[in-house]
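Residue-level listing of the chains:
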Amino acid sequence: MPTVYTEVEVDVSLADFDDDDLIEELENRGLDLNTQLISGDEMRELVTQVWARRRQGQDYQRELDQLIWYGIGKIV
């Protein structure tokens, strides 16, 4: 059977999905947020801090390291 490849351009943003849908999709893919050590709100706050610092050209390494630890339990 031949394989067909195609490219598709989709105009969708993550903002189009609610948090529960995104978390469910990650879990379905075998990815699990470690919400036993950090709440979803705390994780969202860290992401916001990384975004704000990056946007302002400031160092955000500490916050990014925290996200990595809480998200996958690994130290860089």
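Positions within a chain are numbered from 1, following the residues in the order the chain's sequence is written. Residue-level local features of this predicted model are given only where pLDDT is at least 70; pairs of side-chain atoms are given and counted only at 80 or more, and the full residue set underlies all totals for whole chains, interfaces and linings. With hydrogens and water excluded, all non-hydrogen atoms of the structure serve as input to the side-chain values.

Points about the overall build of the protein
Step number 1: From N to C terminus, the protein includes three helices and zero strands.
Step number 2: Residue burial in the protein is summarised as follows: out of 76 residues, 9% are buried.
Step number 3: Expressed as a percentage of contacts within the protein between residues at least 6 apart in sequence, the contacts between residues at least 24 apart total 35%.
Step number 4: The method behind every accessible area is Shrake-Rupley, applied with a 1.4 Å probe, and residues are considered shielded solely by the protein chains displayed. Accessible surface, the protein as shown: approximately 7100 Å² in total, 50% of it carbon and sulfur. Strands are runs of DSSP state E lasting at least 2 residues, helices are runs of H or I lasting at least 4, and numbering of each runs from the N terminus. Think of it in three bands: residues with accessible area under 20% of the maximum for their type are buried, residues over 50% are exposed, and the middle band is partly exposed, with areas taken using a 1.4 Å probe on protein chains only. The contact criterion used is simple: two residues touch if any of their non-hydrogen atoms lie within 4.5 Å.

As for a negative patch on the surface
Step number 1: Patch construction takes residues with relative accessible area above 30% that form no salt bridge. Like charges are linked within 9 Å, and nonpolar side chains (Val, Leu, Ile, Met, Phe, Trp, Tyr) are linked within 5 Å. The term salt bridge refers to a side-chain nitrogen of Lys or Arg lying within 4 Å of a carboxyl oxygen of Asp or Glu. His residues and chain termini do not enter the charge count, which takes Lys and Arg as positive and Asp and Glu as negative. Here the site of a charge means NZ on Lys, CZ on Arg, CG on Asp, or CD on Glu. A contiguous patch of negative charge on the surface is contributed by Asp18, Asp20, Asp21, Glu24 and Glu27.
Step number 2: Among the structural elements, Glu24 can be located in helix H1 (residues 19–28).

Thoughts on the side chain of Glu63
Step number 1: The topology assignment puts Glu63 in helix H3 (residues 61–72).
Step number 2: Look at Glu63 and you get buried, because its relative accessible area is 2%.
Step number 3: Not counting residues up to four positions away in its chain, the partners in contact with Glu63 are Leu46, Gln49, Val50 and Arg53.

Focus on the pattern of salt bridges
Step number 1: Applying the stated criterion to the full structure yields three salt bridges.
Step number 2: Put simply, Asp41 and Arg44 hold a salt bridge, and the shortest N to O gap is 2.8 Å. Of this pair, Asp41 and Arg44 both sit in helix H2 (residues 40–55), three residues apart, which is roughly one turn of that helix.
Step number 3: Residue Arg44 is classed as partly exposed on the basis of its relative accessible area of 39%.
Step number 4: Residue Arg53 pairs with Glu63 through a salt bridge whose shortest N-O separation is 3.0 Å. Placement of Arg53 in helix H2 and of Glu63 in helix H3 is noted, with a sequence separation of 10 residues between them.
Step number 5: A network of salt bridges, in which partner residues are shared, links Arg53, Arg62 and Glu63.

Purely geometric numbers; function is a separate question.
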